[in-house]
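Residue-level structure breakdown
So the chains spell out like this:
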Amino acid sequence: MELRLSSCSKHEALTDPAAANLLARKGFPHATRPILWAHFLDQLEAITPVEDDDTGYLVPVNLFSHIKEDASRCYARHVARAALNLRPPSSPITERIEGDPCNRSELVPLPDEKRYLRLCEVAFGRLIEARRSYSTVWTYLLMPLVVTFQDDEDVIRYFQKVAMLFRTDIKVLRKQIGQLVNKFRVVLPDLYCYMDEEDMDLNEMAESWMTSYLSREMMLPDALRLWDVYFAMQRGQSEYQIHVCLALLAMCNEALQELDKSEARSLALALPALDMDRLLSQADLIQRNLTSLD
């Protein structure tokens, strides 16, 4: 049954962390998502928007052309993926992963392309001035915010918070990938051995999933639902992300062992529409089981 966020339940989500987590796992209605995301992002501890750089650093002009190219590719990927989301499963393999079509996430319209490209330049420009660096993954991290917030200044401000919340330097990323691989061996030993024997690049998959927080690999409606959960959590997002990745591997277990190396890579880096209730329940179960082993 679809969850409708009444004024009462919206108030609970804004004031009661337990209620917020419960509602987030069912997915916030898209019309109410801006209010709830803004509230949770504003509440995040020790995450403040990046201050304007006063050292006079100028973003290289040629970098903006790279940003536009990356953003255009990201937008085109979302357009193609949105079309796939409207179709029935393309094969018995993806049908098993997707589950019941009635459990799909609420569809959301893509933003105007010109608005998205413009916001990429403005939002990234501000962050580059502070960090002196740029990452292609930002184009994917920005899209959920552009879809959610109608006010451009909200998009820019909350992108800086998301970029800080999901920031992963190389040292931290290697540690997270190591944790994911170690837990993968414990939770799904048969699949781990199979992927190792078939020489599948687990590190590539793990790095992509961990850096984009699945905004690149998931269908956009599914990524929005997952981010509902992350923002409502307030803390521990990176740890829970590892358990979500393990849950994805569990859901795709049979498919990954039936597909050849190239097909398995394509599946992992471009997931079909998912039963998010099942995914989150599986992630919670894995988290509890691993905690009991510690």
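This brings us to the overall build of the protein chain. Scanning the protein chain for helices and strands turns up 16 helices and zero strands. Restricting to contacts in the protein chain with at least 6 residues of sequence separation, those with at least 24 account for 79%. Approximately 14,400 Å² of the protein chain is accessible, and the part contributed by carbon and sulfur atoms is 52%.

Note: predicted coordinates in regions of low pLDDT should not be interpreted at a detailed level. Here the protein chain shows a mean pLDDT of 86. Residues at 70 or above account for 84%. When pLDDT is averaged over each element of the protein chain, helix H7 (residues 138–148) comes out on top at 97 and helix H1 (residues 7–15) at the bottom at 62. Counted against residues more than four places away or in other chains, residues 1–5, with its pLDDT under 50, gives ten contacts. Low confidence marks residues 48–57, where pLDDT is under 50. Its contacts with residues over four positions away, or in another chain, come to 17 contacts.

Right, let's get into the pattern of salt bridges. Throughout the structure, instances matching the rule amount to twelve salt bridges. Its salt-bridge partner being Asp 70, residue Arg 73 comes within 2.5 Å of it at the nearest N-O pair. With a gap of three residues between them, Arg 73 and Asp 70 both fall in helix H4 (residues 61–85), about one helical turn apart. The exposure class of Asp 70 is buried, given its relative accessible area of 10%. With a closest N to O distance of 3.8 Å, Asp 199 and Lys 261 form a salt bridge. Highlighted residues: Asp 199 in the loop between helix H10 (189–197) and helix H11 (202–212) and Lys 261 in helix H15 (residues 261–269), separated in sequence by 62 residues. Salt bridges sharing partners connect three or more residues here, namely Asp 42, Asp 154 and Arg 157.

So, about the environment of Pro 272. Residue position: Pro 272 is located in the loop between H15 and helix H16 (276–293). In the structure, Pro 272 is positioned 55 residues away from Glu 217 in sequence and 8.7 Å away in space, judged by C-alpha atoms.

Now for the packing of aromatic side chains. Counted under the stated rule, the structure contains 18 aromatic pairs. Grouped by ring-pair contacts, the aromatic residues Trp 37, Phe 166, Tyr 213, Trp 227, Tyr 230, Phe 231 and Tyr 240 constitute a single cluster. If you follow Arg 216 out to its NZ or CZ, it ends over the ring of Tyr 140, 5.6 Å from the centre.

In this section: the packing of H7 against helix H12 (residues 220–233). Each pair of packed helices can be summarised by the angle the axes make with each other and by the distance between the axes. One can describe the packing of H7 onto H12 by two numbers: an axis separation of 10 Å at closest approach and a directional angle of 90°. Classed by the angle they form, the pair H7 and H12 counts as roughly perpendicular. Counting all contacts with H7, which are made through Leu 141, Met 143, Pro 144, Val 147 and Thr 148, the residues of H12 involved are Leu 220, Leu 224 and Trp 227. Per-class residue counts for the contact of H7 with H12 are seven nonpolar, one polar and no charged.

Moving on to the side chain of Gln 241. By secondary structure assignment, the location of Gln 241 is in helix H13 (residues 237–251). Exposure remark for Gln 241: the relative accessible area of 0% places this residue in the buried category. Not counting chain neighbours up to four residues away, the residues in contact with Gln 241 comprise Trp 209, Met 210, Tyr 213, Leu 214, Leu 226 and Tyr 230.

Residues Tyr 116, Leu 142, Phe 159 and Trp 227 are the most contacted members of the largest nonpolar core, which totals 96 residues. Top contributing element to this core by residue count: H12, with ten residues.

Here H16 contains 18 residues, and its C-alpha end-to-end distance of 26 Å stays within 8% of the 26 Å for a straight helix at 1.5 Å per residue. Along H16, the positions that sit buried rather than exposed are Met 276, Leu 279, Leu 280, Ala 283, Asp 284, Ile 286 and Leu 290. Looking straight down H16, one finds that the buried residues subtend no more than 160° of arc, so they occupy a single side. Within H16, the exposed residues directed more than 90 degrees away from the buried face are Arg 288, Ser 292 and Leu 293. The elements touched by buried residues of H16 are helix H2 (17–26), helix H9 (170–187), H12 and H13. Capping of H16 at its N-terminal end is provided by Asp 275; its side-chain oxygen lies 3.2 Å from the backbone amide nitrogen of Asp 277.

Notably, Tyr 213 is not glycine yet its phi reads approximately 50°, a positive angle. Here Tyr 213 shows up in the loop between H11 and H12. Overall, the relative accessible area of 2% leaves Tyr 213 in the buried class. Despite not being glycine, Leu 214 has its phi angle at roughly 65°, a positive value. Mapping Leu 214 onto the fold places it in the loop between H11 and H12.

Here we take up the state of the cysteines. Considering all chains together, one arrives at zero disulfides under this definition. We note that Cys 120 lacks a disulfide partner, and the nearest cysteine sulfur, in Cys 74, lies 6.9 Å from it. Of the residues examined, Cys 120 reaches a relative accessible area of 0% and is grouped as buried.

Definitions and limits used
Residues numbered from 1 in each chain as written. Predicted model: local features only at pLDDT ≥ 70, side-chain atom pairs only at ≥ 80, totals over all residues. Heavy atoms only, no water. Helix = DSSP H or I, 4+ residues; strand = E, 2+ residues; numbered from the N terminus. Contact = heavy atoms within 4.5 Å. Areas by Shrake-Rupley, 256 points an atom, 1.4 Å probe, with all protein chains shown as cover. pLDDT = per-residue confidence, 0-100. Salt bridge = Lys/Arg side-chain N within 4 Å of Asp/Glu carboxyl O. Buried < 20%, exposed > 50% of the residue type's maximum accessible area, 1.4 Å probe, protein only. Phe/Tyr/Trp six-rings, centres within 6.5 Å; stacked < 30°, edge-to-face > 60°. Lys NZ or Arg CZ within 6 Å of the ring centre and 35° of its normal. Axes fitted to C-alpha atoms, helices over the stretch in contact; angles between N-to-C directions. Parallel < 35°, antiparallel > 145°, perpendicular 65-115°, else oblique. Nonpolar A, V, L, I, M, F, W, Y, C, P; charged D, E, K, R; others polar. Core = buried A, V, L, I, M, F, W, Y, C linked by side-chain atoms within 4.5 Å. Expected span 1.5 Å × (residues − 1). Arc of directions from axis to C-beta. Polar contact = N/O pair within 3.5 Å; in protein donor to acceptor, adjacent residues only side chain to side chain. Disulfide = S-S within 2.5 Å.

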